[in-house]
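The lines below spell out each chain.
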Amino acid sequence: MIGLISATAAGAAARDRLAAAWPDRTRVYDGPVADAVPRAFAECGQLVCFLAAGAVVRLVAPLLGDKRTDPGVVCVDEAGRFAVSLVGGHGGGANELARAVGALLGAEPVVTTATDAVGVPGLDTLGLPVEGDVAGVTRALLDGEPVALAAEVSWPLPALPVGTRGAYTVRLTDRAVAPAEREVLLRPPSLVVGVGASKGAPAEEVLGLVEAALRDAGLSAASVAELATVDAKSGEPGVVAAAERLGVPLVTYSAEELAAVEVPNPSGAPLAAVGTPSVAEAAALVRGGELLVPKRKSERVDGRPAMATCAVVRRPGRGRLAVVGLGPGARDLLTPRAEAELRRASVLVGLDQYVDQIRDLLRPGTRILESGLGAEEERARTAVAEARRGAAVALIGSGDAGVYAMASPALAEASDDIDVVGVPGVTAALAAGAILGAPLGHDHVSISLSDLHTPWEVIERRVRAAAEADLVVTFYNPRSRGRDWQLPKALAILAEHREAATPVGVVRNASRADESSRVTTLSALDPATVDMMTVVTVGNTATRRIAGRMVTPRGYRWQQDPGTAPQEDPRTVPHARTQTERTQTDTQEDPQEDPQRDPQEGAR
């Protein structure tokens, strides 16, 4: 819960905006701030104080205890210009909270944590349990001193400025070892504990068995990701309590799933009881991994039969592939989710021109694998191969990576041995549509005119279908040096079903510094003015030009009753055209064609 505290009317107004935006996450504390701050500090995980920074410092100073448990505190000034991460930047989440509050209120987030200032991820912000000399190793990272990464377990970490040797060490391990001097231990959630239990098995017996199994195998409980068992034991109190006390989820599988898992120590007892010859080993192994601790039984000091079994498996870290759409080119059209994935990646794969666009967003230590036009399949294979090695990979594409871009070749290459995340982006068609007005207001289709991989006969059939269905059509890859007849042919097909005056929008380099756009007609469009950086949008029979803009109505009432169709005001059209129609004078030759890309590719 986030406690909200204010002292003035202006502060209360901003406070109320935050409360309205996050009704389930926030609690307003009224009354004198000297009373409200201590109450909120004790009751909430985070605080946002709409007060002067000095006042907040004096109020929270007597309350501070341990940075690992104190709530994060963000201070917003009276004018709402800044959201300052004051206390608990990492441990309390104040840095991220300041950014979120700033985005919501239009305030500038102020984060002074050293690692955030230079783009190095804090070792205590990686989402993994951390032990050892965090301050010393972090200082070494900031000072550029050699820091070694000793990865005993493969895990997809974000980029860290580390090498193979150094006086300081970051050790990624699930073993029960103590950190050495100048060393930080990161505990990946790599261990799965399978558990079987008789009805009524005490929680102490289940938990004691698990802890003893880990201890005897030299494994850390901090690396246990989950307890796993059969569905029939999902409500067994002792098993449920053991998972709660370990702080991990309880995952269950059907007896049929477990029975299909080959195990070294099957037994007739669980087969008779729950329908599978193994619970502990099978539940631990069902998703693969290395069996570190075969099935072992609990020990009862009173001589009664054991009521619990367990087995421990190490699952290798699954690599992560994020396929990221960068949008049409403008930085403010890059989504926050895409930016977060770029910062999370330890390996970036992309077209060299796209890498240049976002290079400043990458963390120090990010390994960049870039290539030129025409190497899409190679980039896809490279990204998947890096993910299979256990890395956190970002594969970038323009617009939306799933639209004529990198998602298709990458996912065709990827199997289920890696995690894949798609990050949507603003497509060239959407960017162009926003510039033109509202041409996509009703049913529409996008068609690539590149016939390098798709036979022209197939493309022509699709264009005819769109023409007959009266769909608004956006043409990607409309014309290049080697393909100059496809666009005229496509326009001629559309002209068989649409009036010569049908509006056509032409946008080149949408959202970029050299953007140009114009609205013309189906008969007046000169295909020679179109290149591979251009998006061509052809309206349907209901599309109109209104005040110089291209508009497709959401309904077809204009078709049904032509007398109701809005008409352009001749007094406003010339003025509107001076604002929206810019003649293309760029006669440079098109870049080499890349058939699997957004048409913005190639422009810097």
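Let me sum up the structure you'll find in this document. Computed from a prediction, not measured in an experiment: that's the story for all the values here.

**A word on the overall build of the protein**
Working step 1: Counting secondary structure elements, the protein contains 20 helices and 28 strands.
Working step 2: Looking at the protein as a whole, 49% of its 604 residues qualify as buried.
Working step 3: Expressed as a percentage of contacts within the protein between residues at least 6 apart in sequence, the contacts between residues at least 24 apart total 66%.
Working step 4: Charge separation in the protein, taken as the distance between the mean sites of 62 positive and 76 negative side-chain charges, equals 1 Å.

**Thoughts on the packing of aromatic side chains**
Working step 1: What the rule picks out here adds up to two aromatic pairs.
Working step 2: Measuring from ring centre to ring centre gives 5.1 Å for Trp456 and Trp485, while their planes differ by 70 degrees; the resulting arrangement is edge-to-face. Taken together, the residues Trp456 in helix H17 (residues 456-468) and Trp485 in the loop between strand S23 (472-476) and helix H18 (486-495) connect sequence positions 29 residues apart.

**Side note on the packing of helix H7 (residues 203-216) against helix H8 (residues 237-246)**
Working step 1: H8 packs onto H7 with a crossing angle of 50 degrees between their chain directions and a minimal axis gap of 8 Å. Judged by the angle between their axes, H7 and H8 are oblique. The interaxial crossing formed by H7 with H8 has right-handed handedness. Residue-level contacts link Ala203, Glu204, Val206, Leu207 and Val210 of H7 to Gly238, Ala241, Ala242, Arg245 and Leu246 of H8.
Working step 2: Here the contact of H7 with H8 is composed, by residue class, of seven nonpolar, one polar and two charged.

**So, the side chain of Ser223**
Working step 1: With respect to the helices, strands and loops of the structure, Ser223 is situated in the loop between H7 and strand S12 (224-230).
Working step 2: For Ser223, a relative accessible area of 0% translates into the label buried.

**Some remarks on the sheet that holds strand S10 (residues 183-186)**
Working step 1: Taken in spatial order, the four strands line up as S7-S10-S9-S8 in an open sheet, and their pairing is mixed. The sheet is open, and its two borders are formed by strand S7 (130-132) and strand S8 (147-151), each paired with just one other strand. The sheet shows a mean angle of 20 degrees between the axes of neighbouring strands, taken without regard to direction.
Working step 2: Bridge analysis of S7 against S10 gives three bridges, and the strand direction is antiparallel. Of the residues in S10, the one forming a bridge with Val130 is Leu186.
Working step 3: In the packing of helix H6 (residues 134-143) onto the sheet, contacts are made with S7, S8, strand S9 (168-172) and S10, and the angle to S9 comes to roughly 115 degrees.

**Some details on the pairing of strand S19 (residues 392-397)**
Working step 1: With six of six residues buried, S19 is to be regarded as a mostly interior element.
Working step 2: Judged by which residues are buried, S19 turns out to be covered on both faces: Ala392, Ala394 and Ile396 on one side and Val393, Leu395 and Gly397 on the other are all buried.
Working step 3: Here strand S16 (residues 320-325) runs beside S19; their pairing, made up of six bridges, is parallel. In the sheet register, Arg320 faces S19, and the bridge partner there is Ala392.
Working step 4: Relative to S19, strand S17 (residues 347-351) runs parallel, the two sharing three bridges. Bridge assignment links Leu348 to a residue of S19, and that residue is Ala394.

**A few points about the pattern of salt bridges**
Where charged atoms of side chains with opposite charge meet at close range, the side chains can pair.
Working step 1: Under the defined criterion, the tally for this structure stands at 28 salt bridges.
Working step 2: The shortest N-O distance in the salt bridge between Asp356 and Arg359 comes to 2.8 Å.
Working step 3: Arg359 sits in the partly exposed class, given a relative accessible area of 36%.
Working step 4: Each of the salt bridges in this network shares a partner with another, and the network as a whole consists of Glu152, Arg171, Arg175 and Glu183.

**Comments concerning the state of the cysteines**
Working step 1: Scanning the model with the defined rule gives zero disulfides in all.
Working step 2: Distance from the sulfur of Cys49, which forms no disulfide, to the nearest cysteine sulfur (Cys75) is 6.7 Å.

About the cut-offs
- Residues numbered from 1 in each chain as written.
- Predicted model: local features only at pLDDT ≥ 70, side-chain atom pairs only at ≥ 80, totals over all residues.
- Heavy atoms only, no water.
- Helix = DSSP H or I, 4+ residues; strand = E, 2+ residues; numbered from the N terminus.
- Buried < 20%, exposed > 50% of the residue type's maximum accessible area, 1.4 Å probe, protein only.
- Contact = heavy atoms within 4.5 Å.
- Lys, Arg positive; Asp, Glu negative; His and termini not counted.
- Charge placed at Lys NZ, Arg CZ, Asp CG, Glu CD.
- Phe/Tyr/Trp six-rings, centres within 6.5 Å; stacked < 30°, edge-to-face > 60°.
- Axes fitted to C-alpha atoms, helices over the stretch in contact; angles between N-to-C directions.
- Parallel < 35°, antiparallel > 145°, perpendicular 65-115°, else oblique.
- Left-handed = near helix turned anticlockwise from the far one by under 90°.
- Nonpolar A, V, L, I, M, F, W, Y, C, P; charged D, E, K, R; others polar.
- Pairing = 2+ DSSP bridges.
- Salt bridge = Lys/Arg side-chain N within 4 Å of Asp/Glu carboxyl O.
- Disulfide = S-S within 2.5 Å.

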